[in-house]
Amino acid sequence: MLMLVVTIIIAAVVSAFAGGLTAGKEKAPQASFETHIKLTGGMSGGPSMIMKHLGGDPVNTRNVKLVTSWANASGVYHVQSTTAAKYVNDTEEYYVPTGGMAHYNLSSLNVQYDYYGMGNEYYNEPYLVVAGQMPATGDAANDTPLWFGNYVMHAGDVIKADTNLDPGNTWIDKQVVKDVNLLTQNDIVNIQLIDLKSGTTIYYKDVNVEA
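How each quantity is defined
Counting of residues starts from 1 at the beginning of each chain's written sequence and follows it residue by residue. Per-residue local features of the predicted model are confined to residues with pLDDT of at least 70, and side-chain atom pairs are confined, for both listing and counting, to 80 or more; whole-chain, interface and lining totals are unaffected and use all residues. Side-chain figures throughout are based on the complete set of non-hydrogen atoms in the structure, without hydrogens or water. Only rings of Phe, Tyr and Trp enter the pairing, Trp through its six-membered ring, and a pair is recorded when the two centres are within 6.5 Å. The plane angle decides the type: under 30 degrees is stacked, over 60 is edge-to-face, the rest tilted. Every helix listed is a DSSP run of H or I at least four residues long, and every strand listed is a run of E at least two residues long, numbered separately from the N terminus. Accessibility here uses a 1.4 Å probe with only protein chains present; expressed as a share of the type maximum, an area under 20% marks a residue as buried, one over 50% as exposed, and anything in between as partly exposed. The pairing criterion is simple: DSSP has to find at least two bridges between the two strands. Lines are fitted to the C-alpha atoms to define the axes, a helix being fitted only along its stretch in contact, and any angle between axes, read from their N-to-C directions, falls within 0 to 180 degrees.

Peer 1: Looking at this structure, how should I read the packing of aromatic side chains?
Peer 2: In this description, a pair of aromatic rings is defined by centroid distance and the angle of the planes. The final tally for this structure, using the stated rule, is three aromatic pairs. For the ring pair Tyr127 and Trp147, a centre distance of 6.1 Å and an interplane angle of 75° mean the geometry is edge-to-face. Here Tyr127 is found in strand β10 (residues 127-128), whereas its partner Trp147 is found in the loop between α2 (140-143) and β11 (152-153), with 20 residues between them in sequence. Take Tyr127 and Trp147: they sit in the same class, and that class is buried. For the ring pair Phe148 and Tyr151, a centre distance of 6.3 Å and an interplane angle of 85° mean the geometry is edge-to-face.

Peer 1: Explain the sheet that holds strand β2 (residues 48-56) to me, please; I cannot follow it from the model alone.
Peer 2: What holds strands together in a sheet is hydrogen bonding between their backbones, with the strands either parallel or antiparallel. Strand order in this open sheet of four strands is β1-β2-β12-β10, and the pairing throughout is antiparallel. Two strands bound the open sheet, and with one partner strand each, they are β1 (31-38) and β10. Of the pairings in the sheet, the one linking β1 to β2 comprises eight bridges and is antiparallel in character. Within the sheet, the bridge partner assigned to Glu34 lies in β2 and is Lys52.

Peer 1: Sorry, what's going on with unusual backbone geometry here?
Peer 2: Working note: non-glycine residues mostly have negative phi, and peptide bonds are mostly trans. Positive phi values are uncommon outside glycine, yet Asp179 reaches one of about 55°. When you line up the elements, Asp179 lands in the loop between β12 (158-161) and β13 (188-195). The exposure class assigned to Asp179 is partly exposed, which follows from its relative accessible area of 25%. Its identity as a non-glycine residue notwithstanding, Asn186 has a phi of 75°, on the positive side. Note that Asn186 resides in the loop between β12 and β13.

Peer 1: Would you mind going over the sheet that holds strand β5 (residues 77-82) with me for this structure?
Peer 2: In spatial order, the strands read β5-β4-β13-β14; together these four strands make up an open sheet with antiparallel pairing. Looking at the sheet topology across the chains shown, the edges are occupied by β5 and β14 (201-208). For this sheet, the mean inter-axis angle between neighbouring strands, taken without regard to orientation, is 15°. Here six bridges tie strand β4 (residues 64-71) to β5, and the two strands are oriented antiparallel to one another. Opposite Ser69, over in β5, you have Val79 as the bridge partner.

Take a look at the structure:
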């Protein structure tokens, strides 16, 4: 009888401990998305990436990381990580979709620009598509909420990265897909949206590049 009582007490303690761990861990949002990568459609006719929130939980872009990767014919991976704008280069361990592992120096895409002496603003693509509004118009108050890291995606929302290839236009468009100018039709780009609080992958998709 004594052994039975001790066993029950131990089981209760273990159960309470496990429950505490579960409660303390952030729950990642659950949502579905659709992504298109095209060789056209961006500013100046360059490549573009469009992602649509199809349904599920809202996703705060300040709390997620967007990782894109693709391999050329020789098997070399082009990997890019995008988070809310910050000035740091992070070395991350990236697991390629085929199961291999490699280390990449993944730069958080960011831009710092002083709008007419109004102070520095931080910008990242993809931007939130809002009818009648366009980022980088010179109006800092309206621009800032449209950039990655500053908005929450809800069902029906669309975000876009223009990936302008003009090297002189460095502050407006950044390459969310690394070496995007080397992409060709039918290349496969792996897209991952990772929740930074829990480490859980919210979205994982191989996207076929369209013309």
